Amino acid sequence: MSDIDRRYAERLMEQAGLDALVIFQPEAFRYAVGAPAGVATMWGRAGAAIALVPADAATGLAAIASDHAAGSIRKAAADVDLRTHRGWIDMLDLTGAESVEQINEAYRRLGSFGPRPETFDRSVCFGLLGDLLNERGLDRARIGADLEFMPAADFEALKLALPTVTWTDGSDALRRLRAIKSPREIERLRRAAKAAEAGLVRMAGAVKPGAQLTELSCAWKAGAQAAAAEGGFGLSGHWDFISVGADLSDMSAVVTPGALIKADVGTLVDGYSSDGARTFTHGRASPLSREIFKALENAFATGLDELRPGNTFGAVHAAMLASMRKDGFAEYDRGHFGHSVGGSIGIEEWPFFSAGNREIIQPSMVVALETPFYGQGIGALMIEDQFLIAETGAECMNRLPRTLRDLSAD
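Given the structure is predicted, the values throughout are model-derived calculations rather than measurements.

**Examining the side chain of Asp154**
Phase 1: Examined against the element boundaries, Asp154 turns out to sit in helix α6 (residues 152-161).
Phase 2: According to the relative accessible area criterion, Asp154 is buried, its value standing at 0%.

Below, the structure is given as structure tokens:
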């Protein structure tokens, strides 16, 4: 099932003067089609998986993928018009086979197709795309491709293979589509946030003098995985940026009294990543660390007051930066105070809470709001929560207190 709001997509493409979007990025393919693109995408080249999204919302979606991925795509997205190409992996129908000779016979039946390609045949994939466009009357259309992903060499090959199409950059339309989350996407992100936060609880329980950074990371992962299992869902991945002590790059650091412990963590559910952070100590933090954290708390609260539909991402950034400077940090600077979250290739999605960003905050966005501070010789401090933008404001997906917690006092 696709997560695209086709009516919204129709409006965006009409505004951009596009007749269709052709999507090559694997994560965006999954978003559009509702099923993973398959292993052929691991080469980082365009063509192994292609999704076609016509501007006309009444026209069905189409896709091109490897024969290896076809079975899972058809199960997950039976209504998508799927065309397949041959990858490097053997695909045999061995139903009822009981001998090696029957396996060889299955290979012989495929012999007329010739040898399989080294990875995948880009020209074949572009040819299948040409067939789809011809059948749908889009062979002379103005079509947007996700050029923010597509390698330049592949785009040149695409233009040569399908020269009657007017190709243009459709990345902006795709980003705007993906910034508004479907109920399924919101549920994935809600679950991911829940698992990650449970991991933080487990990690906090493992904090003690002498505990190694790697131990804390393992405790966090174990807690996140346990919460997912208890919740009846799986994790498709996880990540953590944990620092302990004054040296931000010391991966062998151990917990010492009063040292800062920053945990910026996330788990993935069906490819959708949460993002959140807390700061702990074991023993009272230094006066300067507490002063910094108080300013971060004030800036976070100020940003949260501005986090509502109709406001701009830039206005949130401006308010948070002004708060830091009001609290005495006259030279403090930060490229962004958060971002959208979802199923993109990285943790952070566009749009960002950045200076001058005029993008409007809209209902059904899911964003991470953050106030970080990194100081070599002091350590890292950070507050970050994940929010669903509702019609009336922002709903927090996290529950842990945002304070600088001294775990020796718990």
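Back to the text.
**With respect to the UniProt feature "domain: Peptidase M24" (unreviewed entry) in the protein chain**
Phase 1: Taken from the UniProt record, the annotation "domain: Peptidase M24" (unreviewed entry) applies to residues 187-390.
Phase 2: For residues 187-390, the end-to-end C-alpha separation is 14 Å, with 36% helix and 28% strand making up the annotated structure.

**Considering the pattern of salt bridges**
For side chains of opposite charge, pairing can occur when their charged atoms come near one another.
Phase 1: Tallied over the entire structure, the rule returns 24 salt bridges.
Phase 2: Among the salt bridges present, the one from Asp67 reaches Arg116, with a minimum N-O distance of 3.0 Å. With Asp67 in helix α3 (residues 67-76) and Arg116 in the loop between α4 (100-110) and α5 (122-135), the pair connects residues that are 49 residues apart, well separated along the chain.
Phase 3: Overlapping salt bridges bring together Glu148, Asp172, Arg175, Arg176 and Glu359 as one network.

**As for the pairing of strand β6 (residues 166-169)**
Phase 1: Examined bridge by bridge, strand β5 (residues 142-145) and β6 share 4 bridges and lie parallel to one another. Residue pairing for β6: Ala145 is matched across the bridge by Asp169.
Phase 2: As a crossover connection, the stretch from β5 through α6 into β6 is right-handed.

**Overview of the sheet that holds strand β4 (residues 81-85)**
Phase 1: Overall, mixed pairing links the 6 strands, which are arranged β4-β3-β2-β1-β5-β6 in an open sheet. At either end of the open sheet lies a strand with only one pairing partner, and these are β4 and β6. The mean inter-strand angle of the sheet, taken between neighbouring strand axes irrespective of direction, is 20 degrees.
Phase 2: Here strand β2 (residues 50-54) runs beside strand β3 (residues 62-66); their pairing, made up of 3 bridges, is antiparallel. By the bridge assignment for β3, Leu52 is matched with Ala62.
Phase 3: Across the face of the sheet, helix α2 (residues 26-33) comes into contact with β1 (20-23), β2 and β3 while running at roughly 45 degrees to β2.
Phase 4: The strands touched by α3 are β3 and β4; relative to β4, the strand with the most contacts, the crossing angle is about 160 degrees.

Reading the values: rules and limits
Residues numbered from 1 in each chain as written. Predicted model: local features only at pLDDT ≥ 70, side-chain atom pairs only at ≥ 80, totals over all residues. Heavy atoms only, no water. Helix = DSSP H or I, 4+ residues; strand = E, 2+ residues; numbered from the N terminus. Buried < 20%, exposed > 50% of the residue type's maximum accessible area, 1.4 Å probe, protein only. UniProt positions renumbered as here; feature names shortened; annotations may be inferred. Salt bridge = Lys/Arg side-chain N within 4 Å of Asp/Glu carboxyl O. Pairing = 2+ DSSP bridges. Right-handed = clockwise from strand over helix to strand, strands pointing away. Axes fitted to C-alpha atoms, helices over the stretch in contact; angles between N-to-C directions. Contact = heavy atoms within 4.5 Å.

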